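The lines below spell out each chain.
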Amino acid sequence: MTTTTEAVNLTAPLPRGGIVQSVRDSLVIAKRNLLRMTRIPEVIIFGMIQPVMFVVLFSYVFGGSVSVGGNTSAVEYRNFLMAGIFAQTVTFATAGSGAGIADDMHKGLIDRFRSLPMSRGAVLTGRTLADLVQTALTIVVLVIVALLVGWRIHEGIPKALAAFGLLLLLGYAFSWIGALIGLSVRTPEAATSGGLIWLFPVTFVSNAFVDSSQMTPWLRHIADWNPFSATVQACRELFGNPGVSQSDAWPMQYPVWASLIWSIVIIVLFRTLAVRKYRSAAG
Amino acid sequence: MPGAIYAEGLVKTFGEVRALDGVDLDVPEGTVLGLLGPNGAGKTTAVRVLTTLLQPDSGKAVVNGIDVLKHPNEVRRSIGLSGQFAAVDEYLTGRENLQMVGQLYQMSGRDAKKRAVELLDRFNLTDAADRPAKTYSGGMRRRLDLAAALVVSPPVMFMDEPTTGLDPRNRQQLWEVIQELVRGGTTLLLTTQYLEEADHLADTICVVDHGKVIARGTADELKARTGGERVEVVVHQRDQIAPATEVLRGFGKGEVAVAEHTRKLTVPVTGGAKLLAEVIRDLDARGVEIDDIGLRRPTLDDVFISLTGHAAEAAAEEAEDAARPGGQGGRGSQKEKTK
């Protein structure tokens, strides 16, 4: 052990408190999580392979046997399907947010962060932001695969970009649910499975993979009001893809607004719950 | 005037278990307090309350003159915490870990960078600075963890079992670092299961059991209460217990304790190693064949037995683990490793 003087000439500490510190702390944590990702690239790779597999499986297994607006052609189904796969991808990625947070708790890192004079929400915000970056990367790869299997947009680039904006916002919203799950379970393994289980009904009782008008009435109502469906419907409209639901449920009539509202409501609600949990977490 | 760390009547329960049952502490500035106790005595809970991680059910805690319950964020600025398990991000390098912690202590990026270089140098981690912490040895991780706790040179430090799981060489090294820190004027509260460690590092020791402080004093005072050192002899055959007992009685400062089935005799003594030689000579002269003989210094168990009449046992912290999401696995697995 070398001996060095303890005295350090430091410039004054940065201004504390408030939104500025909150943003800065979140970015420090986001950077940390992004650095981690670059050190474990296999996580990103597998995260990309999974949705690509869904595209291929759904396209070729269901394509041709599922009718979209009376049309059973495989290409038609693929164009219908893609909005659903995109939405499924951004939401399934959120299981990773929860697992990451559970892992930090498990390793004692959350204790360290909680003992530091940092913003209370930053650990979670930093994590969800970093996960958003990862999700965006996955979407880029997925778009390329989708174009390869015959998916096309028909309403121009700006609307398509707006659709991807809605998708990422939905993913960000759902990652706060994942964060809450991660803070509430004992192990990263539990966070992964607990973070996935609820996503199956949410993504399947929706208009993502089949036309919801073919469902029994009570299921159709759930599907029409499912936040997930709103985003899928909005994407189909903005991409100009087939299979836009003709349902007269409000979210299906105004899917862009519905998607925005749902996502924001989820963020506000689950961010509040997760940050509260974090403050008292592990104790 | 209360000390740099002050607690009064701290109570914390986890379900049925009273992890803290009215703990009072007072650590004068610039001194070291050792919280000594077995697993589950409430040591970690006390540290977690004092470092703002856990809300007590009742009681008062003041660190650096700041009320822990009323102004936790102010307290966080002036403390460093080195937990039971090296809490570093294993996928980040040592340097990145320290820079991150510096920034979260609200240093500017440049200051955090500068400070990281200094700490890496001070803790002999410069060569490993740009390797992920995953590749570090246990001792290196502990040093990195400690460095992270020292980023802002906090006037008050908390260390929860800083050397648990380290080999003797690394333990020695860490002790030196801690001593250097204390010479610089830092007030330190450390928890340990080892009397030897508390003896080595602490000015005052509080022995805790079942959430209560059951004794306080210097290491010497505690040892005096425990009866100091003792000679322990294991004879080769049972029929030699009687003559051996007679020999030991001549040297002892108290009763000779005999464990028949293990053929072990124990007697409190004073006089150290020199006396041991005489004991061996006399036993030999009586024709007693010995399997083992040694001078035993008091251990935590001895302190416990003399203070409470029972051996140290684990309880409350396990309850806390169970009550903490994420806590159990991490701690449990580490504890197993240290066994």
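This structure is a prediction, so every number in the text was calculated from the model and none was measured.

A.B. asks: Requested: an account of the sheet that holds strand S11 (residues 230-235) of chain B, with residues and values cited.
C.D. replies: Two modes of strand pairing occur in sheets, parallel and antiparallel, and in both the strands are linked by backbone hydrogen bonds. Residues and elements named next belong to chain B. Pairing is antiparallel across the open sheet formed by four strands, whose spatial order is S12-S13-S11-S14. Of all the strands in the sheet, the pair left with one neighbour each is strand S12 (257-259) and strand S14 (290-296). This sheet shows a mean twist of 15° between the axes of neighbouring strands, independent of strand direction. Judged from the six bridges that link them, S11 and S14 form a sheet pairing that is antiparallel. Pairing of Val231 across the sheet is with Leu295, part of S14. Seen against the sheet, helix H10 (residues 272-285) touches S11 and S14 and runs at an angle of roughly 160° to S14.

A.B. asks: Tell me about the nonpolar core, and name the residues and values.
C.D. replies: Judged by nonpolar contacts, the single largest core of 151 residues is most densely connected at Phe86, Ala87 and Cys235 of chain A together with Leu50 of chain B. With 14 residues, helix H7 (residues 157-184) of chain A is the single largest residue contributor to this core. Setting aside anything within four residues of it in sequence, one finds Ala87 of chain A in contact with Leu167, Leu170, Ala208, Phe228, Thr231, Val232 and Cys235 of chain A.

A.B. asks: Lay out the sheet that holds strand S8 (residues 187-192) of chain B in plain terms, naming residues and giving numbers.
C.D. replies: All names here are of chain B. Ordered in space as S6-S7-S8-S3-S9-S10, the six strands form an open sheet in which the pairing is mixed. Here the strands that pair on one side only, and so sit at the sheet edges, are strand S6 (79-82) and strand S10 (212-217). Strand-to-strand, the axes of this sheet are offset by a mean angle of 15°, without reference to chain direction. Lying over the sheet, helix H5 (residues 138-149) contacts S6 and strand S7 (156-160), oriented at roughly 165° with respect to S6.

A.B. asks: So what about the UniProt feature "transmembrane region" (unreviewed entry) in chain A? Which residues, and what values?
C.D. replies: Residue and element names in this part refer to chain A. Those residues carrying the UniProt feature "transmembrane region" (unreviewed entry) are residues 40-60, 80-102, 123-149, 161-183, 190-210 and 254-274 in this numbering. End C-alpha atoms of residues 80-102 are separated by 36 Å, and the span's content is 96% helix alongside 0% strand. In this annotation, residues 123-149 is assigned 96% helix and 0% strand; the end-to-end C-alpha distance for the span is 39 Å.

What counts, and where the lines are drawn
- Residues numbered from 1 in each chain as written.
- Chains lettered and ligands numbered in written order.
- Predicted model: local features only at pLDDT ≥ 70, side-chain atom pairs only at ≥ 80, totals over all residues.
- Pairing = 2+ DSSP bridges.
- Helix = DSSP H or I, 4+ residues; strand = E, 2+ residues; numbered from the N terminus.
- Axes fitted to C-alpha atoms, helices over the stretch in contact; angles between N-to-C directions.
- Contact = placed C-beta atoms within 7 Å.
- Core = buried A, V, L, I, M, F, W, Y, C linked by C-beta atoms within 7 Å.
- Buried ≥ 20, exposed ≤ 12 C-beta atoms within 10 Å, placed from the backbone.
- UniProt positions renumbered as here; feature names shortened; annotations may be inferred.

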